[in-house]
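Here are the chains, one letter per residue:
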Amino acid sequence: LPVLVDSVEQLLSTPTTTMTTTEQYEPYDVDVYLILHYELKPEREQEIRQRLPAGVGLEVWDDASPLGYDKKDGKQVIQDNTRALARQHRYVIRDKLTEYDSFIILEDDMRITQHHVHHFLQMSNQLQMLQQQSPLSSSVVEPMEDPYNMKFDGKMTQHQLKRLMPGFIRVEVLLDEATNGAQTKLDPVVVDL
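Residues numbered from 1 in each chain as written. Predicted model: local features only at pLDDT ≥ 70, side-chain atom pairs only at ≥ 80, totals over all residues. Heavy atoms only, no water.

**Structural notes on the packing of aromatic side chains**
Here comes step 1: Within this structure, the stated rule accounts for two aromatic pairs.
Here comes step 2: Summarising the aromatic geometry, the rings of Tyr33 and Tyr100 are spaced 6.2 Å apart at their centres and angled 90° between planes, so their arrangement reads as edge-to-face. Of this pair, Tyr33 sits in strand β1 (residues 31-35) while Tyr100 sits in the loop between α3 (89-96) and α4 (114-133); the two residues are 67 residues apart in sequence, bridging distant segments of the chain.
Here comes step 3: Residue Tyr100 is classed as partly exposed on the basis of its relative accessible area, which comes to 22%. (Phe/Tyr/Trp six-rings, centres within 6.5 Å; stacked < 30°, edge-to-face > 60°. Helix = DSSP H or I, 4+ residues; strand = E, 2+ residues; numbered from the N terminus. Buried < 20%, exposed > 50% of the residue type's maximum accessible area, 1.4 Å probe, protein only.)

See the structure below:
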């Protein structure tokens, strides 16, 4: 919950002056959609609503894991496929596509800031400008040239640039084991199942 709340607060905050951009951005309007494998208890949902800043919408999709076939004790069984939970966001996007300008899909431990969003928008604009300035076709590649021997350098064509989009790579932080070792004592953790 702290990471989620911090990310939402970052997106709602007034843009900082440390960002290297000439464009001005307004704080974002943010709604949160939780897609869960389990059923969220009402008191836990209330706690989340209280922690989110005012004006932030919250929708919860309980029991969102799709059913799938699996083998258990040598028999084919139908059960929740939790591995497919990460793909369920596409249904929310389909249903809400006309209501939002952009969607950010995160796991509960991923933090995002305004700077991340601004950088994504800047890179999108730069790629669009490059596409408009690029040639329709490449003078380097002959149409029927052997694909194993053809040149691949030179300016990208409009068609090639249309396929590009900025993205993010998730990076796990590895801590110094001597000073910040892995947790060895596991306290009981309350789970909403």
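**Quick word on helix α1 (residues 2-12)**
Here comes step 1: Taken residue by residue, α1 has Val5, Ser7, Val8 and Leu11 as its buried positions. Buried residues of α1 fall within an arc of 160° about the axis and therefore sit on the same side.
Here comes step 2: Contacts from the buried residues of α1 go to β1, α2 (42-51) and α4. (Arc of directions from axis to C-beta. Contact = heavy atoms within 4.5 Å.)

**Quick word on the pattern of salt bridges**
Pairing is possible between side chains of opposite charge, provided their charged atoms come close.
Here comes step 1: According to the stated counting rule, one finds five salt bridges in the structure shown.
Here comes step 2: As a salt-bridge pair, Lys96 and Glu59 come within 3.5 Å of each other at their nearest N and O atoms. Highlighted residues: Lys96 in helix α3 and Glu59 in strand β2 (residues 57-61), separated in sequence by 37 residues.
Here comes step 3: On the basis of relative accessible area, Lys96 is assigned to the buried category, the value being 17%.
Here comes step 4: The salt bridge involving Asp95 is made with Arg94; its shortest N-O contact spans 3.2 Å. (Salt bridge = Lys/Arg side-chain N within 4 Å of Asp/Glu carboxyl O.)

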